[in-house]
Amino acid sequence: GGDEDDWYSSDFWLDRGGDTDPNECNWFAYADENLCNNDGLYVDLSLQHNRLEGSIPKELALLQPSLTNLELSRNSLFGSIPAELSGLAQLTSMDLSINELEGELPSVLPPALEFLYLE
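Remember, it's a predicted structure, so these values are computed and weren't measured experimentally.

A.B. asks: Help me understand the sheet that holds strand S4 (residues 76-79) in this model?
C.D. replies: Consider a sheet: its strands pair through backbone hydrogen bonds, and that pairing is either parallel or antiparallel. A sheet is described by the order of its strands in space; here three strands give the open sequence S2-S4-S6, paired in parallel fashion. The two strands at the open ends of the sheet, each matched to only one other strand, are strand S2 (53-54) and strand S6 (100-101). Here two bridges tie S4 to S6, and the two strands are oriented parallel to one another. The residue bridging Phe78 from the neighbouring strand is Glu100, located in S6.

Here it is as structure tokens:
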């Protein structure tokens, strides 16, 4: 939940020009980050410290095969980590720290995962 107006960094989340198919490669990013690769596929989803509330949506797995970084720290996310995220074959870093997550880790983690932050 949460209204985008309550998010800390809501600039460019959606194309404000009225485009019906906004390009997520133009979403907010910090200075040196590239959200998409050369093929236009989304690689970096960084939504840390954005007052997000609720459970982690299993639909994030739809960012396969390109997502390499998932940053959801410092929000109000609860529940468990969806098992579907194990299908993110290129994911190398996942930061879910400083949330209200509980439960067991999925029995299978993304195969390329090098960094997992949960505290």
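From this point on, the discussion continues.
A.B. asks: Can you help me understand the packing of aromatic side chains in this one?
C.D. replies: Any two aromatic rings considered together are summarised by their centre-to-centre distance and by the angle between their planes. Per the counting criterion, the structure on display carries one aromatic pair. With a centroid separation of 6.3 Å and 0 degrees between ring planes, the pair formed by Phe115 and Tyr117 is classed as stacked.

A.B. asks: Got a minute to help me understand the pairing of S4 in this structure?
C.D. replies: Regular strands place their side chains on alternate faces of the sheet. Pairing analysis gives two bridges linking S2 to S4, with the strands arranged parallel. Bridge pairing in S4 places Gly54 opposite Leu77.

A.B. asks: Looking at this model, I keep getting lost on the confidence of the model for the protein chain. Mind explaining?
C.D. replies: Detailed reading of the predicted coordinates is not advisable wherever pLDDT is low. Averaged over every residue, the pLDDT of the protein chain is 80; the share at 70 or more is 73%. Per-residue pLDDT, averaged within each element of the protein chain, yields its smallest value for strand S1 (residues 44-46) (87) and its largest for strand S5 (residues 93-95) (96).

A.B. asks: Whenever I open this one, the sheet that holds strand S7 (residues 115-117) confuses me. Can you help?
C.D. replies: If you trace the four strands from one edge of the open sheet to the other, you get S1-S3-S5-S7, paired in parallel fashion. With partners counted over all chains shown, the strands left at the sheet margins are S1 and S7, one partner each. The average undirected angle you get between the axes of adjacent strands in this sheet is 5 degrees. Sheet analysis places S1 next to strand S3 (residues 69-71), joined by three bridges and oriented parallel. Across the sheet, the residue bridging to Asp44 is Asn69, located in S3.

What counts and how
Residues numbered from 1 in each chain as written. Predicted model: local features only at pLDDT ≥ 70, side-chain atom pairs only at ≥ 80, totals over all residues. Heavy atoms only, no water. Pairing = 2+ DSSP bridges. Helix = DSSP H or I, 4+ residues; strand = E, 2+ residues; numbered from the N terminus. Phe/Tyr/Trp six-rings, centres within 6.5 Å; stacked < 30°, edge-to-face > 60°. pLDDT = per-residue confidence, 0-100. Axes fitted to C-alpha atoms, helices over the stretch in contact; angles between N-to-C directions.

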